[in-house]
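Breakdown of the fold
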Amino acid sequence: MKIEIDSFSGSKIYPGRGTLFVRGDSKIFRYQSSKSASLFHQRKNPRRVAWTVLYRRHHKKGISEEATKKRSRKAVKHQRPISGASLEFIKEKRAQKPAERKATREERIRKAKEEAKAKKAERKAEIAKNGGVAPKGSKMGQKGAFQKVQATSR
């Protein structure tokens, strides 16, 4: 015995009961009563018709067994190390005083400037060695830019 379900109200349709409606696009609709068929053809929303299963489900009616609310898990915050820096290193940096930070920053800048001066002096020495001619190639090529590959024919 196959029990069908009403397309509008969601109620059960037992064998020998109800009507069947086939729409133009060949979709089948089954109705338990002329009341649900009529409301369907009036294009009523079953979620707004109080006696339908969809209305009861939408408005949470008659669900007494599942009265216990699901508890949502609270996210626990963890401090994780960042790639390249351990957790101890990060904590140490956080604890540093602003004056210390500024001093280390200035020291790094000074070192970078010295390195740049040394590089510039090295380039000047290379140009002087070549007789006042800069090394062949573009500036971008010297900086390590991508070399364009010439197309070859077969």
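Structure: above.
Please read all numbers here as calculations on a predicted model, not as lab measurements. (Residues numbered from 1 in each chain as written. Predicted model: local features only at pLDDT ≥ 70, side-chain atom pairs only at ≥ 80, totals over all residues. Heavy atoms only, no water.)

1. Quick word on the side chain of Ser9
By the secondary structure assignment, Ser9 is in the loop between strand S1 (4–5) and strand S2 (12–13). A distance of 2.8 Å separates a polar atom in the side chain of Ser9 from a polar atom in the side chain of Ser11. Residues contacting Ser9, with those up to four places away along its chain left out, are Trp51, Thr52, Val53 and Leu54. (Helix = DSSP H or I, 4+ residues; strand = E, 2+ residues; numbered from the N terminus. Polar contact = N/O pair within 3.5 Å; in protein donor to acceptor, adjacent residues only side chain to side chain. Contact = heavy atoms within 4.5 Å.)

2. Comments concerning the pairing of strand S3 (residues 19–22)
As paired elements, S3 and strand S4 (residues 28–31) share four bridges and run antiparallel to each other. When the bridges of S4 are listed, Phe21 appears paired with Phe29. Count of turn residues in the S3/S4 antiparallel hairpin: five residues, of which Ser26 carries a positive phi of about 70°. (Pairing = 2+ DSSP bridges.)

3. Structural notes on helix H4 (residues 98–129)
The end-to-end C-alpha distance of H4, which contains 32 residues, comes to 47 Å, matching closely the 46 Å that a straight helix rising 1.5 Å per residue would cover. A positive backbone phi angle near 80° is found at Gly131, which sits one or two residues after H4. (Expected span 1.5 Å × (residues − 1).)

4. Things to note about the pattern of salt bridges
A full pass over the atoms with the stated rule returns five salt bridges. For the salt bridge of Glu4 with Arg30, the shortest nitrogen-to-oxygen distance reads 3.3 Å. You can see Glu4 sitting in strand S1 and its partner Arg30 sitting in strand S4, a full 26 residues away along the chain. Accessibility expressed as a relative area gives 22% for Glu4, which makes it partly exposed. Residues Arg110 and Glu114 are paired through a salt bridge, measuring 3.7 Å at the closest nitrogen-oxygen approach. Of this pair, Arg110 and Glu114 both sit in helix H4, four residues apart, which is roughly one turn of that helix. A residue is classified by how much of its surface remains accessible, and Arg110, at 46% relative accessible area, is partly exposed. Residue Glu114 is classed as partly exposed on the basis of its relative accessible area, which comes to 46%. (Salt bridge = Lys/Arg side-chain N within 4 Å of Asp/Glu carboxyl O. Buried < 20%, exposed > 50% of the residue type's maximum accessible area, 1.4 Å probe, protein only.)

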